[in-house]
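A look at the structure
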Amino acid sequence: MKKYILSTMLLGSMIFSSCKKDYLDTFPTTSVAAADALASTQNAIAALNGIHRVMYTQYDAQGQAGEGSVNLFRDYMGEDIVFPLANGSTGHATWYRWQNHNNVNAGDMRFVYRFYYRLISNANVLINGIDAVPGADADKNMIKGQALTYRAWCHFQLVQLYGKRYDATATPNSQLGVPLMLENTLVGQARATVEEVYTQVNKDLNDAEALLVGYTRTGSAAKSNFDVKVVQGIKARVALTMQNWEAAATNAIAARGGYNLMTNAEYLTGFNNITNQEWIWGSRQIDDHNTFFYSYFAYISANFNSTVLRTQPRAINANLFNSIPATDNRKKCWDLTGATVPIPPGGARVPYQ
């Protein structure tokens, strides 16, 4: 984990530092990186932006693109996505075949685990150090609130992936979950119970919500940041997982306040524009952050010019497609022949594309 702490802090801190050779030569350890990030609120904001960035960077291998790839791994193991061509690309197919999650030596399994703990580690630097940083309280509250949200989000994802599911009828849930990392340490921690993990997740989210009251997101990448609405949305998801239906409904209603649903026409324009009026939280990849062939887009879109999508276009399970009523606007997202779907040059067309 040590190199992960360093790399994110370096990314964030260098935004506000010159590229002099002596600066790079005196940036060798995680302790220096953390100290630099906590030298001012300006540096801490840069470090926070670095955390936003690692949500969609490439990791150890192609197809490991942060949160987007983890979302794909989970979706592949459902029954709605079809890999239609026997001779097409098999990128990510080991998830589709239910092989990767049972293989303790799989590189993708290591990636998922290290990805979330990397985010937690960097968030902990800010959570545990920002109070002592010189600067305005409003800035420090914003930084700490967002870092707490990251820590909660990541522990929430980890406990669902590596622990048995929460059972509201069996509290406290004493089954083993994942290690709770609340300090920025390289010392391994024992697995906490599922109940303990969810308790900490909810505490972090409640603390974050209080700190982010009054914070307004601004800038071209505003939706990459957490505000109160995002926290409420995550609280709704956590409550759903814990089968706390009332809390889920309350937080979901609060989260969507001020956001309009997409129109039917907007729904059919594709889900690749962060300015979409319905979206509350998302990553905006700026022009100089190239996606290349590791990205989420290279594995799921209709017309990204990657080998994966040219030779193995994505399709919907016919049973699921047939169960969608004809009056449901969502049914227009697929084509029974593939004839009207935008494809990359040389791309294949398949039924239910």
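Residues numbered from 1 in each chain as written. Predicted model: local features only at pLDDT ≥ 70, side-chain atom pairs only at ≥ 80, totals over all residues. Heavy atoms only, no water.

Further remarks concern the confidence of the model for the protein chain. As a general rule, the predicted coordinates of low-pLDDT regions are not to be interpreted in detail. On average, residues of the protein chain score 87 in pLDDT, and 91% of them reach the 70 mark or higher. Across residues 1–32, where pLDDT falls below 50, the model places 59 contacts with residues more than four positions away in sequence or in other chains. (pLDDT = per-residue confidence, 0-100. Contact = heavy atoms within 4.5 Å.)

Before going further, it helps to spend a moment on helix 5 (residues 67–76). With seven of 10 residues buried, helix 5 lies mostly within the body of the structure. Contacts from the buried residues of helix 5 go to strand 1 (81–82), helix 6 (93–96), helix 7 (107–129), helix 8 (137–162) and helix 13 (297–300). (Buried < 20%, exposed > 50% of the residue type's maximum accessible area, 1.4 Å probe, protein only. Helix = DSSP H or I, 4+ residues; strand = E, 2+ residues; numbered from the N terminus.)

Okay, the pattern of salt bridges next. According to the stated counting rule, one finds 10 salt bridges in the structure shown. Salt-bridge contacts for Asp227 lead to Arg217; the nearest nitrogen and oxygen are separated by 3.2 Å. With Asp227 in the loop between helix 9 (194–211) and helix 10 (228–241) and Arg217 in the loop between helix 9 and helix 10, this pair connects stretches of sequence that are 10 residues apart. Comparing Asp227 with Arg217, the two get one shared label, buried. Salt bridges sharing partners connect three or more residues here, namely Asp60, Arg110 and Arg114. (Salt bridge = Lys/Arg side-chain N within 4 Å of Asp/Glu carboxyl O.)

A word on helix 9. In this model helix 9 runs 26 Å from its N-terminal to its C-terminal C-alpha over 18 residues, within 8% of the 26 Å that 1.5 Å per residue would give. Tucked into the core, helix 9 has its buried residues touching helix 8, strand 2 (176–179), strand 3 (191–193) and helix 10. (Expected span 1.5 Å × (residues − 1).)

This part covers the packing of aromatic side chains. One pass over the structure, following the stated rule, counts 19 aromatic pairs. Put simply, the rings of Tyr59, Phe73, Trp95, Phe111, Phe115 and Tyr116 pair up and form one aromatic cluster. Taking NZ or CZ as reference, Arg314 lies 4.3 Å from the ring centre of Phe83, over its face. Above the ring of Phe321, the side-chain terminus of Lys331 is found at 4.6 Å from the ring centroid. (Phe/Tyr/Trp six-rings, centres within 6.5 Å; stacked < 30°, edge-to-face > 60°. Lys NZ or Arg CZ within 6 Å of the ring centre and 35° of its normal.)

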